[in-house]
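# Chains, contacts and geometry: an overview
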Amino acid sequence: MKPIISLLAITLFAGCTSSGIDRNDTDTIIKQYYAKVDNIAHVTLASQTQSAMAIGGAAGVIENLDGNHEDMIAGAFVGALFSGLVMSIVEGSDQAYQYHLTAENEHSFSIVRDNNSIKPGQCVLVREAYKVTINAADNQHCQFKPQPIGHAI
């Protein structure tokens, strides 16, 4: 019983967050700036589920080549079903949001995210490193006049 409790305690402590720098950001240029959210579009992410189902189905057929044709069909069905299910779980939702942003010195650009916590017109702090993140910021940081792409200064 003690080993289980110890393992549980270690697991809980391992899940605690750190306030340090993300390990993936080592040897990476970290750039931060403020931007204004021009608009947000709903997008659908590409999925590899169909490819996984095809590969799983083929593997099911190959696994049952020494059986009769019903075994091969059943193997293809089970392989495709299992592979598709696993890939769907790994990928998660295929729904996301494309944020169109404008920054004073960065011009216009887009970021695709899986959550919609930021609203159009809002000021955000953009952090480019290993991963690009945006977080809501005070509107006083976005008091610049956005310049459209190709606009002569």
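Here we summarise the structure given alongside this text. As the structure is a computational prediction, the values presented were derived from the model and not from experiment. (Residues numbered from 1 in each chain as written. Predicted model: local features only at pLDDT ≥ 70, side-chain atom pairs only at ≥ 80, totals over all residues. Heavy atoms only, no water.)

### Brief notes about the pairing of strand β2 (residues 95–103)
Summarising the sheet, strand β1 (residues 31–44) and β2 pair through nine bridges and their orientation is antiparallel. Each residue of the ladder has a partner; that of N39, found in β2, is H100. When β2 meets strand β3 (residues 107–113), the two strands line up antiparallel, connected through seven bridges. Note that in β3 the partner of L101 across the bridge is F109. (Pairing = 2+ DSSP bridges. Helix = DSSP H or I, 4+ residues; strand = E, 2+ residues; numbered from the N terminus.)

### Re the environment of F109
Residue placement: F109 occurs in strand β3. Distance from F109 to Y99, taken between C-alpha atoms, is 8.3 Å for residues ten residues apart in sequence.

### A few points about the state of the cysteines
The full count for this structure, using the stated rule, is one disulfide. A sulfur-sulfur distance of 2.0 Å marks the disulfide that ties C123 to C142. The disulfide joining C123 to C142 has a torsion of about 70° about its S-S bond and is therefore right-handed. Taken together, the residues span a long stretch of sequence, with C123 in strand β4 (residues 123–128) and C142 in the segment after β5 (132–136) at a distance of 19 residues. (Disulfide = S-S within 2.5 Å.)

### A word on the sheet that holds β4
Ordered in space as β3-β2-β1-β4-β5, the five strands form an open sheet in which the pairing is antiparallel. At either end of the open sheet lies a strand with only one pairing partner, and these are β3 and β5. Across this sheet, the average inter-strand angle for adjacent strands is 40°, counted without regard to direction. (Axes fitted to C-alpha atoms, helices over the stretch in contact; angles between N-to-C directions.)

### Focus on the packing of helix α2 (residues 49–63) against helix α3 (residues 69–91)
Taken N-terminus to C-terminus, the directions of α2 and α3 make an angle of 150°; their axes are 6 Å apart at the nearest point. Relative to α3, the element α2 lies roughly antiparallel. Crossing handedness for the pair α2 and α3: right-handed. Along its contact with α2, which presents T49, A52, M53, G56, G57, G60 and V61, the element α3 presents M72, G75, A76, G79, A80, S83, G84, M87, S88 and E91. When grouped by side-chain class, the residues that make up the contact of α2 with α3 number seven nonpolar, nine polar and one charged. (Parallel < 35°, antiparallel > 145°, perpendicular 65-115°, else oblique. Left-handed = near helix turned anticlockwise from the far one by under 90°. Contact = heavy atoms within 4.5 Å. Nonpolar A, V, L, I, M, F, W, Y, C, P; charged D, E, K, R; others polar.)

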